Amino acid sequence: MSQRIDVHHHIIPPRWLAEEGERMFATAVNFDHVAKWTPAMSLESMDKNGVATAITSVSTVIVRPEDAKGAHGLARYCNEWATRLAQDHPGRFGTFGLLPLPHIAECLAEIEYCADVLKVEGFKLQTSYKDQWPGDPAFSAVFDELNRRKAVVFFHPTAPDCCLKTVPDLHPPLMEYPFDTTRAIASLLFSGTLTRCPDIRFIFTHGGGAL
């Protein structure tokens, strides 16, 4: 039996779709099909492609710098929803817990809950948050805690506000997903975060961007 593990496997929790769907329909490729996702679709695809286990995550989220409660509430909902999915299908799904950056206290609370209560396999961040990239000193406490826990951290790209129309008529994720991944890695590198946090195991999707 295949032992292949898929670490880039998105799920569509209903509340996430309700809050993020309009934006995703406007920016994501083929989202009208993606929005119809069900767990059965994942299992069928996994079996067809020899995937034993998928570690799930939600795709990008709208950054809510003025709404810590709302951002944390959505993250908590998605994490509990994903954990129930894994419990319903033992051995087939794991969970990357969504963290509600840029809200530091809420992130630290969610790391504790996800690690100690939900027992997730790791954590999901995105490559930027408005005008902040992950090496920003404001995020240091979050990465220090992830390092203390020797966590796996999965990064998914987003298209930052600064660069949505850099190349007119070109779909933003096509250009910005690889380049925002590159910005994120450079931010972690040149801020010293990678050196300061050697026990985090980082996963960067989409081939690691331009790097």
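Just so you know, these numbers come straight off a predicted model, no measurement behind them. (Residues numbered from 1 in each chain as written. Predicted model: local features only at pLDDT ≥ 70, side-chain atom pairs only at ≥ 80, totals over all residues. Heavy atoms only, no water.)

> Explain the sheet that holds strand β6 (residues 201–204) here, please?
Working definition: the strands of a sheet are paired by backbone hydrogen bonds and lie parallel or antiparallel to each other. Taken in spatial order, the six strands line up as β1-β2-β3-β4-β5-β6 in an open sheet, and their pairing is parallel. With partners counted over all chains shown, the strands left at the sheet margins are β1 (4–10) and β6, one partner each. Neighbouring strand axes in the sheet, compared pairwise and without regard to direction, differ in orientation by 30° on average. Pairing of strand β5 (residues 152–156) with β6, which is carried by four bridges, proceeds in the parallel orientation. If you follow F155 over to β6, its bridge partner there is F204. The strands touched by helix α7 (residues 172–190) are β5 and β6; relative to β6, the strand with the most contacts, the crossing angle is about 160°. (Pairing = 2+ DSSP bridges. Helix = DSSP H or I, 4+ residues; strand = E, 2+ residues; numbered from the N terminus. Axes fitted to C-alpha atoms, helices over the stretch in contact; angles between N-to-C directions. Contact = heavy atoms within 4.5 Å.)

> It is not clear to me how the nonpolar core should be interpreted in this structure. Could you clarify?
One recurring pattern in soluble globular proteins: nonpolar side chains tend to sit buried together. Residues I11, W16, V58 and F93 are the most contacted members of the largest nonpolar core, which totals 22 residues. The set of elements that each furnish at least two residues to this core consists of α1 (14–27), α3 (39–48), β2 (51–57), α4 (68–88) and β3 (93–98). It is α4 that contributes the most residues to this core, seven residues altogether. Not counting chain neighbours up to four residues away, the residues in contact with W16 comprise G21, M24, F31, V58, S59, T60, V61, L74, Y77 and C78. Of all hydrophobic cores here, the second largest spans 21 residues; its members include V63, L101, F139 and V153. (Core = buried A, V, L, I, M, F, W, Y, C linked by side-chain atoms within 4.5 Å. Buried < 20%, exposed > 50% of the residue type's maximum accessible area, 1.4 Å probe, protein only.)

> Teacher, can you tell me more about the state of the cysteines here?
Covalent bonding between the sulfur atoms of two cysteines defines a disulfide. Under the defined criterion, the tally for this structure stands at zero disulfides. A disulfide-free cysteine, C197 has its sulfur positioned 14 Å from the sulfur of C107, the nearest such atom. (Disulfide = S-S within 2.5 Å.)

> Sorry, what's going on with the pattern of salt bridges here?
Between side chains of opposite charge, a pair can form when the charged atoms approach closely. For the coordinates displayed, the defined rule picks out 11 salt bridges. The salt bridge involving E110 is made with R76; its shortest N-O contact spans 2.8 Å. Of this pair, E110 sits in helix α5 (residues 104–118) while R76 sits in helix α4, and the two are 34 residues apart along the sequence. On the basis of relative accessibility, which here comes to 0%, the residue E110 falls in the buried class. When the shortest N-O distance is used, the salt bridge between R149 and D116 registers 3.0 Å. Placement of the pair is R149 in the loop between α6 (140–148) and β5 and D116 in helix α5, with a sequence separation of 33 residues. Given the relative accessible area of 26%, R149 is considered partly exposed. Within the structure, one salt-bridge network assembled from shared partners comprises R15, E19, E20 and R64. (Salt bridge = Lys/Arg side-chain N within 4 Å of Asp/Glu carboxyl O.)

Fair warning: the whole summary comes from geometry, so function is off the table for now.
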